[in-house]
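# Fold and geometry: a report
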Amino acid sequence: MIDTELELQPHSIIARRKEKEAKFNFIKSVLLDIFFVFYSLVVVQRAIYYKFILNLRDIPFSWNNILILLMISIIAGYAWTYSKTSLSARLFGISKDNNVTKWTVEIFSWFLFNITFIAGWIVTRISIIDLFSSEGIQGAERIFSALFQPQLGIFDDALFAMIETIYIALLATLISIPVTLILSFFTARNLMKENKISFAVYYILRIILNFVRSIEPLIWAIIFSVWVGIGPFAGMIALLVHTIASNAKLYSEAIENIETGPVEAISATGANKIQIVWYAVVPQIILPFLSFTIYRWDINVRMATIIGLVGGGGIGTMLMQYQGLARWHEVGLLVLMIAFVVWVMDYISAKIREAIY
Amino acid sequence: MLLEVQNLHKIYNSGTHALKGVSFKVDEGEFLVVIGLSGSGKSTLLRCINRLIEPTSGKVKFLGKDITHIRGEELRKMKSQIGMVFQQFNLIKRRSVLINVLTGKLGSLGVFESVFERFSADVLREAYTNLERVGIKETANNRADLLSGGQQQRVAIARSLMQNPKVLLADEPVASLDPATSNSVMQYFEKINKEMGTTVICNLHFLSLVRRYASRVIALKAGEIIYEGMPGDINETWFKTIYGEDAEEVEIR
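Procedures and definitions
Along every chain, residues carry numbers that run from 1 in the direction the sequence is written. Throughout, the order in which chains and ligands are written sets their labels, letters from A for the former and numbers from 1 for the latter. For this predicted model, a pLDDT threshold of at least 70 governs which residues receive local features, and a threshold of 80 or more governs which side-chain atom pairs are given and counted, while totals over whole chains, interfaces and linings are taken from all residues. To obtain the side-chain values, all non-hydrogen atoms of the structure were included, while hydrogens and water were left out. By nonpolar core is meant a set of buried Ala, Val, Leu, Ile, Met, Phe, Trp, Tyr and Cys residues that side-chain atoms within 4.5 Å join together. Relative accessible area decides the class of each residue, using a 1.4 Å probe on protein chains only: under 20% of the type maximum gives buried, over 50% gives exposed, and in between gives partly exposed. Residue contacts are counted whenever heavy atoms from the two residues lie within 4.5 Å of one another. For helices, the fitted line uses only the C-alpha atoms of the stretch in contact; every axis is such a line through C-alpha atoms, and the angle between N-to-C directions lies from 0 to 180 degrees. Where helices and strands are cited, they refer to DSSP runs of H or I of at least four residues and of E of at least two residues respectively, numbered from the N terminus. Should an angle fall under 35 degrees it is called roughly parallel, over 145 degrees roughly antiparallel, and 65 to 115 degrees roughly perpendicular, with every other angle called oblique. Handedness of a crossing is defined here by the sense of rotation of the near helix relative to the far one, left-handed for an anticlockwise turn of less than a right angle and right-handed for a clockwise turn. In this classification, the charged set is Asp, Glu, Lys and Arg, the nonpolar set is Ala, Val, Leu, Ile, Met, Phe, Trp, Tyr, Cys and Pro, and all remaining amino acids, among them Gly, are polar. The rule for pairing is simple: two strands pair if DSSP sees at least two bridges between them. In short, buried area is how much 1.4 Å probe accessible area vanishes from two parts on joining, totalled over both. Any Lys or Arg side-chain nitrogen found within 4 Å of a carboxyl oxygen on Asp or Glu counts as a salt bridge. The term polar contact refers here to a pair of N or O atoms within 3.5 Å; inside protein, the definition further demands a hydrogen-donor-capable atom paired with an acceptor-capable atom, and it admits residues adjacent in sequence only when both atoms are side-chain atoms.

What follows covers the nonpolar core. Residue and element names in this part refer to chain B. Residues Ile 35, Ile 157, Met 186 and Phe 189 are the most contacted members of the largest nonpolar core, which totals 59 residues. In this structure, Ile 35 is in contact with Lys 42, Leu 204, Leu 207, Val 210, Val 217, Ile 218, Ala 219, Leu 220, Ile 234, Ile 242 and Tyr 243, ignoring residues within four places of it in sequence. Phe 24, Ile 49, Leu 75 and Leu 220 belong to the second largest nonpolar core, which has 32 residues in total.

All names here are of chain A. At a minimum axis distance of 11 Å, the contact between helix H8 (residues 155–186) and helix H16 (residues 328–356) shows a crossing angle of 40°. What the angle tells us is that H8 and H16 run oblique. By crossing handedness, the relation of H8 to H16 is classed as right-handed. For the pair formed by H8 and H16, the contact residues are Phe 155, Ala 158, Leu 159, Met 162 and Ile 166 on the first element and Leu 333, Leu 334, Met 337, Ile 338 and Val 341 on the second. In terms of residue class, the contact of H8 with H16 is built from 10 nonpolar, no polar and no charged.

Turning our eyes to something else, we now look at the sheet that holds strand S3 (residues 31–35) of chain B. Residue and element names in this part refer to chain B. Read across the sheet, six strands follow the order S6-S7-S8-S3-S9-S10 without closing on themselves; strand pairing throughout is mixed. Edge positions in the sheet fall to strand S6 (82–85) and strand S10 (224–229), since each of these pairs with one other strand and no more. Between one strand axis and the next, the sheet turns through 20° on average, direction left out of account. Both S3 and strand S9 (residues 216–221) contribute to a ladder of four bridges, which runs parallel. Across the sheet, the residue bridging to Val 34 is Ile 218, located in S9. Sitting on the sheet, helix H1 (residues 42–49) is in contact with S3, S6, strand S7 (167–170), strand S8 (199–203) and S9, with an inclination near 150° to S8. Packing against the sheet, helix H6 (residues 149–161) makes contact with S6 and S7, and its axis sits at approximately 175° to S6.

Turning to the interface of chain A and chain B, a few remarks are in order. Counting residues at the interface gives 23 residues for chain A, matched by 37 residues for chain B. Of the roughly 2700 Å² buried between chain A and chain B on both sides combined, carbon and sulfur atoms contribute 62%. Counting across the interface, chain A meets chain B through two salt bridges. For Glu264(A), the salt bridge identified is with Arg47(B), shortest N-O distance 2.5 Å. Taken together, the links from chain A to chain B amount to nine residue pairs in polar contact (both at pLDDT 80 or more). Looking at the side of chain A that touches chain B, the elements that each hand over two or more residues are helix H2 (10–53), helix H13 (260–268) and helix H14 (273–307) of chain A. Looking at which element gives the most residues to the side of chain A that touches chain B, the answer is H13(A), with seven residues. Here the residues of the side of chain A that touches chain B sort into 14 nonpolar, six polar and three charged.

Here the focus is unusual backbone geometry. Glycine aside, a negative phi is what most residues show, and trans is what most peptide bonds show. All names here are of chain B. The residue Asn 7 is not glycine, and still its phi comes out positive at about 45°. By the secondary structure assignment, Asn 7 is in strand S1 (residues 3–11). Of the residues examined, Asn 7 reaches a relative accessible area of 45% and is grouped as partly exposed. Positioned with a positive phi, Asn 164 is a non-glycine residue whose angle comes to about 45°. Here Asn 164 shows up in the loop between H6 and S7.

Have a look at this one:
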């Protein structure tokens with residue numbers, strides 16, 4: 001690749017790169033246009049026409065129908081990009097610069113926004129009547145009055161469960177640190193882009209981490225409560241897994257955003273990769289790392305309370321039990337305790353992070 | 001012949017053609033100054049010499065050897081023989097001056113010694129000698145980023161001296177300093193060039209500094225060499241050609 005480039009004249013290299021980029025943008029633009037048209041057709045047909053105008057309870061579904069819509073959008077999308085007046089052509093900078101483009105882009109953007117909002121309104125079944133019905137308001141009054149008269153009889157148990165929750169969060173955060181540290185260097189683009197093998201490692205790790213992160217801790221807790229049994233251990237592992245995946249991303253972004261000057265200077269001395277990382281990268285990322293980790297502990301305390309709801313131990317499990325029995329006075333005490341602890345953690349972590357910088 | 005650059009081209013991924021066939025030679029002991037407007041390719045040129053940037057085509061010969069395509073250990077050995085000083089100093093902030101100077105020696109230290117900062121007595125002595133050379137021995141234990149700009153640049157010079165460089169590259173070393181400090185920093189480059197015999201290749205903006213310190217001048221314009229000669233021969237006409245019709249010379253003392 002590099003060798004063939006060296007033989008070419010510089011001007012032809014530039015021309016070739018431009019051509020490649022234009023081709024690539026055209027393909028991206030066609031795909032996006034097809035998606036736009038397909039999306040609008042589906043939303044207009046299913047949400048607005050079937051559900052709202054015809055007010056059908058069971059919406060008819062057939063693959064043939066979807067296929068026909070897809071065919072239409074492929075043809076329309078391609079033609080639209082080809083005419084160079086489409087929204088995506090504009091987004092990728094290959095559109096014609098005339099009034100037709102301007103109008104189509106403007107009208108179609110508004111159209112997309114509006115059908116999305118209307119479809120969202122229909123799907124969410126927003127109802128002002130339900131919100132203000134007298135029956136509903138009575139129910140709300142009952143619960144609220146109970147919540148604000150907490151039952152202090154269970155305070156000892158609740159305190160113990162709360163401490164368990166804080167330790168779950170703390171352990172998940174502490175154990176995550178060494179793993180995250182190592183992972184973050186392998187998922188930082190600027191350190192891994194140099195050769196193909198390291199870039200492949202970077203890419204695979206990123207995909208795995210993105211996947212792990214996209215599964216909420218609540219779902220991890222369900223998985224681990226089956227794996228290791230219901231209890232605080234399941235909750236801790238669930239938090240740990242998610243903490244590693246999210247912090248590895250934050251850490252590696254901190255590595256990607258470092259000043260390049262010191263890296264240049266250290267590599268100009270003939271230092272090897274490990275020395276460059278140790279002297280030019282590490283000193284720049286220690287503080288952000290510390291800050292992220294403390295913040296994550298704060299987040300984990302909140303998450304740990306939620307995770308208890310599905311059997312992850314701690315105060316969440318207790319909350320779930322009393323809620324199931326509809327004992328709102330006990331629930332009230334637990335909610336107040338959670339609110340207090342979260343507020344304290346939030347305050348402490350903010351103060352520590354301020355002091356660091 | 002210490003250094004030879006042949007028909008060097010650099011095209012960035014953005015499509016910018018920063019160097020368009022630059023060729024020149026540098027003899028041992030020279031103080032070569034590269035001038036030109038911002039964006040004329042001066043920084044790219046220096047970085048292509050020690051391969052901080054990979055040239056697109058052309059050749060760089062250092063000590064008679066083609067170094068354009070060397071890799072790994074060989075590349076690091078070459079880099080350790082070429083010192084470099086930057087406009088923004090590029091020190092490790094939050095670490096001491098001494099540690100910053102010691103990083104100049106990394107090319108000849110093992111991973112273990114450097115990561116655990118086990119520097120031998122010889123290396124430490126060398127670091128203090130080099131700090132003394134640039135006159136800031138007493139700041140050795142201070143945090144590097146708390147020093148003044150001029151002092152930080154002197155730390156950077158001491159760091160590059162740790163490499164015992166055959167050639168010292170300086171990328172606009174005084175561009176972020178005030179005029180008085182600029183002159184004193186330039187005097188250290190002169191001292192290194194005259195007393196230690198180290199070849200210096202330096203990007204500069206101010207012509208008065210060029211006339212005072214350069215033994216030879218190259219001018220770049222839009223990636224091409226448009227002037228090569230003695231600093232004293234740059235007259236009004238050349239000045240306008242290099243810096244454009246509207247430019248006026250600013251005196252710096």
